[in-house]
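An overview of the molecular structure
Next come the chains, spelled out residue by residue.
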Amino acid sequence: MSAIEQQPQAIYLRDYKAPAYLIKKTDLHVDIYDGYTIVTANLLLASNPSATFPVSQLTLHGTDLELVSLAIDGKAVPESEYEFGEETLTIKNTPAHFLLTSVTKIYPEKNTSLEGLYKSRTMYCTQCEAEGFRKITYYLDRPDVMSEFTTTVVADKKFPVLLSNGNLIEKGDLDNNRHFATWNDPFKKPAYLFALVAGDLAHIEDSFTTSTKREVTLKIYVEPKDLDKCNHAMTSLKNSMRWDEEVYGREYDLDIFMIVAVDDFNMGAMENKGLNIFNTSCVLAKPETTTDGGFQRVEGVVAHEYFHNWTGNRVTCRDWFQLSLKEGFTVYRDSEFSADMGSHTVKRVEDVSMLRTLQFAEDAGPMAHPIRPESYIEISNFYTMTIYEKGAEIVRMLANLLGKENFRKGTDLYFERHDGQAVTTEDFVAALADASGKNLTQFKRWYSQAGTPRLQVTDEYDEDTQEYSLHIKQSCPPTPECQQKLPFHIPIAIGLLGSAGDLPLYLKDAEPDFETGDNTHKVIELTQAQQTFVFERVQEKPVPSLLRGFSAPVKLHYDYSREDLMLLMSRDSDGFNRWDASQQLALQVINEVIAAYQRGKDINVFPIDLRLINAYRSVLEDESLDKAMVAYMLSLPSEAYISELADIVDVEAIHYSRTLVRKTIARELSSHFELIYNEYDHEQTYAATADAIAARSLKNVALSYLMLLGDEKIIRACEQQYLTANNMTDVMAALTQLVNTEASLAQDLSGNALADFYERWQDESLVVNQWLTVQATSSLPNTLAKVKALEVHNAYDSKNPNKIRALVSSFCNNNAINFHDKAGDGYKFLADKIIVLNTQNPQIASRLLTPLTKWKKYSPERQTLIKAQLERIMAEPNLSKDVFEVVSKSLA
């Protein structure tokens, strides 16, 4: 076999073929013993009438399985009638209809990949998306093969809880201190939605009455020690169920809905039908151990996985190229749910901040791909920001283009047409188009073209005619799959601001449905490479408020003056654009300092534009603003976002320039920050409400600015917050500031606080993860040495994904000034981890690669160092498909 043939091969969308067989019913008997598990699978198969090729043999997927026996219709299949491939079992001369019985032996305790059936601490559990089921038994492990599952789980009674998908139909005792439970899921599903749990678990129980008065039992299973951390997840689940009925008309369909929290989990959570398996970080929450961000994450992830019951389970993907069909739509749904539970503007700011920083960077890198990719080597690598977050933005654009009523009609039609089917993105868009009458042909380019479109906007105002013209050009940079991009269909929400605020909009030659009178907010549709939009009766030269609510995932350039941005910050009725104006103003100022740094100037004496200070002062004094929005507007663009915007990332210039601007703001507005901090009631009872979270957020932003001044009084106040806070949000905020403050007093106190924190929380795994992260992300020198020391600490487990993310990923992704140290030690450190994880847990290994994939954005010296580590990884024998794909594309 040639070297090329030995390399993992790509799978292409164009090669899709319907399966030769379908599995009508799946009956599983999973017998768990110490050290091994026996799986008996009875599969009722029938030839597929939609198959495009004649049935002559059956090829099943299987990985790391020991085949014990194989029978067709009760008769053993001779060894001469089947053969093994690298990850397949092919049975020759199969009939059109038959019952296939296979018995396999697997070893969950040795399964470090955390795919298929594996053991996490004291429980057995599964993770089958995308292709984990083939590690349990031989099967047609593809999403377009949907089957009714009946599952019997057998285990020793030391594992009293035995769960699987659907409704419990039988349970009982067996000989030798063993017992069983049989579950039936009446709804057809693909194998990736299969789930099984066996363990010694406690649970909380509640119920939900559906809109048709059906009573659904709700259970959340956890290790007994975590039982007091489940109430927030249960509340979030009930809120999600009610919201999905009210907003989408979707009612839950089984008699029971279960969640199980697992400590060893590659993902956040999994939407297995009726039995959602969660990473503990996404279900456990209480004030003493969980930050506000943690509470919000639990709410969002619980909602996301529940919403999958319809957008992913009842209607699923035909193939993995359609992954965003379920993920993008569901992320959009969970985002809107979270917005309804809190603040729409705050939620939008949070989502767009992440999109611009991470997904835009992905679009500009070697792993760029459309939200419906044309090919992949390892599907696990395509659980990306593009599939999820950009996918959600595409759905959001559709909702904005159609309007609330037509979008709901479209989704109703989608569910009605395709319930119980495995479908494509084209099916989704067709349902929306048919229900609304909207032509979405050009819009579908968003699914097939990668990259972030760029909008260049210029304008002119004719005082005599009172006409204002907006000239918009769109372009999109080349990406690996396509050099030349066709124009996108882009909805652009706009307003025009005059000296007193929003102006009414009258679009010249508008369609009748556009012109609705004295409106101040419109959505214009850009469909050509360049277009001009003319507004009439504009009584003064306006400042345009463009892309309101971030109405499309694009990079927009308009030459705003700083006075323009200050006007938008203070007068724009669109909350998102007020925040965005604050970011743009801060970016302009930071970039001035960066330029001075790069010219060799002493930036410590560089004058900072007072207009930024005055703008921030106005924000602080504006009592009409939500406190969460004030906190966001006062938070400078992150180093990661500034780096994403740069052609060549100058790590030191960005870090020190941004720090200088922060210190200047702290010094000039210290009295305002002191007032906020001192007026806050630090003894109030904790609540995870939007208002309470907002108040804590603003107070802790004030603390972060004040700590930059190094004043002993505020350092002592920070210490007091750490020692006396009644919630983890405030504890972590104080600890973070102590760890990151240069003053010797702060460093002395941080050492004591870190020791105290671990002593207090060493038995709480999720809290210890926060302790690891706060140290890994310290911007002070010698952090890498501290990270290496933590690797041998009792707090760390090199096989647990949560620990790896908390320490290694946090350092490499969120600590640029130390990870990118010019000596290159950070790059070697990360490469070492990836090489070990390549054989231990390929999924986690490939995800850790992200900071190395961006090597072409750095200086030649850093490029040489990073590329050398990529080449070292590439030279490893037996490279997994996961790691091979990312490294090979990065080096191309």
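Everything below is about the structure printed above this text.
Scope of this entry: the structure provided in the associated data block.

Criteria and thresholds
- Residues numbered from 1 in each chain as written.
- Predicted model: local features only at pLDDT ≥ 70, side-chain atom pairs only at ≥ 80, totals over all residues.
- Heavy atoms only, no water.
- Helix = DSSP H or I, 4+ residues; strand = E, 2+ residues; numbered from the N terminus.
- Rg over C-alpha atoms; globule rule 2.2 N^0.38 Å.
- Buried < 20%, exposed > 50% of the residue type's maximum accessible area, 1.4 Å probe, protein only.
- Contact = heavy atoms within 4.5 Å.
- Areas by Shrake-Rupley, 256 points an atom, 1.4 Å probe, with all protein chains shown as cover.
- Pairing = 2+ DSSP bridges.
- Axes fitted to C-alpha atoms, helices over the stretch in contact; angles between N-to-C directions.
- Polar contact = N/O pair within 3.5 Å; in protein donor to acceptor, adjacent residues only side chain to side chain.
- Patch = residues over 30% accessible without salt bridge, like charges linked within 9 Å, V, L, I, M, F, W, Y side chains within 5 Å.
- Salt bridge = Lys/Arg side-chain N within 4 Å of Asp/Glu carboxyl O.
- Lys, Arg positive; Asp, Glu negative; His and termini not counted.
- Charge placed at Lys NZ, Arg CZ, Asp CG, Glu CD.
- Disulfide = S-S within 2.5 Å.
- Phe/Tyr/Trp six-rings, centres within 6.5 Å; stacked < 30°, edge-to-face > 60°.
- Lys NZ or Arg CZ within 6 Å of the ring centre and 35° of its normal.

**Focus: the overall build of the protein**
Along the backbone of the protein there are 29 helices and 32 strands. Relative to its length of 892 residues, the protein is compact, with a C-alpha radius of gyration of 28 Å against a globular reference of 29 Å. Principal-axis analysis of the C-alpha atoms places the extent of the protein at approximately 85 × 70 × 65 Å. Put simply, the protein has 892 residues, and 59% of those count as buried. Residue pairs at least 24 apart in sequence account for 71% of intrachain contacts in the protein once pairs closer than 6 positions are excluded. In the form shown here, the protein has an accessible surface area of approximately 35300 Å², with 48% of it arising from carbon and sulfur atoms.

**Remarks on the sheet that holds strand β26 (residues 467–475)**
Sheet architecture is open: 4 strands sit in the order β30-β26-β25-β32, paired in mixed fashion. With partners counted over all chains shown, the strands left at the sheet margins are β30 (530–535) and β32 (555–558), one partner each. Going from strand to strand, the sheet's axes swing by 20° on average, the running direction of each strand aside.

**Quick look at the side chain of E336**
Topologically, E336 is positioned in helix α4 (residues 323–341). Within the structure, E336 has its side chain in polar contact with the side chain of R396 (distance 3.1 Å). Excluding residues within four positions of it along the chain, E336 makes contact with W243, H344 and R396.

**Things to note about a negative patch on the surface**
Side chains of E460, D462, E463 and D464 sit close together on the surface and give a patch of like negative charge. If you trace the backbone, E460 turns up in strand β25 (residues 454–462). Assessed through its relative accessible area of 47%, E460 is described here as partly exposed.

**So, the side chain of T386**
In this structure, T386 sits in helix α6 (residues 385–402). Taking the relative accessible area as the measure of exposure, T386 reaches 0% and is therefore buried. A distance of 3.1 Å separates polar atoms of two side chains, one belonging to T386 and the other to Q359. Sequence-distant contacts of T386, that is, excluding residues within four places in its chain, are made with Q359, E362, D363, H369, P370, I371 and G391.

**Re the state of the cysteines**
The tally for this structure, following the rule as stated, stands at 0 disulfides. A disulfide-free cysteine, C482 has its sulfur positioned 8.4 Å from the sulfur of C476, the nearest such atom. Given a relative accessible area of 21%, C482 falls into the partly exposed group.

**Side note on unusual backbone geometry**
For the bond running from E129 to A130, omega is 5°, close enough to zero to count as cis. Its location among the elements puts A130 in the loop between β11 (123–127) and β12 (147–156). Residues other than glycine seldom take positive phi values, yet K213 does so here, at roughly 70°. In this fold, K213 is placed in the loop between β17 (202–209) and β18 (215–222).

**What about the packing of aromatic side chains?**
In the structure shown here, the tally under the stated rule is 43 aromatic pairs. Centre to centre, the rings of Y414 and F428 are 5.1 Å apart; their planes meet at 80°, and the pair counts as edge-to-face. Taken together, the residues Y414 in helix α7 (residues 404–418) and F428 in helix α8 (residues 425–436) connect sequence positions 14 residues apart. Y414 sits in the buried class, given a relative accessible area of 2%. F428 sits in the buried class, given a relative accessible area of 2%. Here the aromatic rings of Y597 and Y656 are separated by 6.4 Å at their centres, their planes lie at 20°, and the arrangement is stacked. Of this pair, Y597 sits in helix α11 (residues 575–598) while Y656 sits in helix α15 (residues 651–668); the two residues are 59 residues apart in sequence, bridging distant segments of the chain. We classify Y597 as partly exposed; its relative accessible area is 28%. Just above the ring of F187 sits the side chain of K273; from NZ or CZ to the centre is 4.6 Å. The ring of Y705 has R662 sitting right over it, with the charged end atom 5.2 Å from the ring centre.

**Examining the sheet that holds strand β6 (residues 75–76)**
Two modes of strand pairing occur in sheets, parallel and antiparallel, and in both the strands are linked by backbone hydrogen bonds. Spatially, β6-β5-β9-β3-β2-β12-β15-β14 is the arrangement adopted by the 8 strands of the open sheet, whose pairing is mixed. Of all strands in the sheet, those with a lone pairing partner are β6 and β14 (167–174), marking the two edges. Bridge count for β14 against strand β15 (residues 178–189) is 7 bridges, and the pairing is antiparallel. Bridge pairing links L168 to W183 in β15.

**Description of the pattern of salt bridges**
Applying the stated criterion across every chain yields a total of 57 salt bridges. Note that D502 and R548 form a salt bridge whose closest N and O atoms lie 2.9 Å from each other. Residue D502 is located in strand β28 (residues 501–503), and its partner R548 is located in the loop between β31 (543–546) and β32; the two are separated by 46 residues in the primary sequence. Owing to a relative accessible area of 3%, R548 belongs among the buried residues under this scheme. E563 serves as the salt-bridge partner of R611, at 2.7 Å between the closest nitrogen and oxygen. Of this pair, R611 sits in helix α12 (residues 610–621) while E563 sits in helix α10 (residues 562–571), placing them 48 residues apart in sequence.

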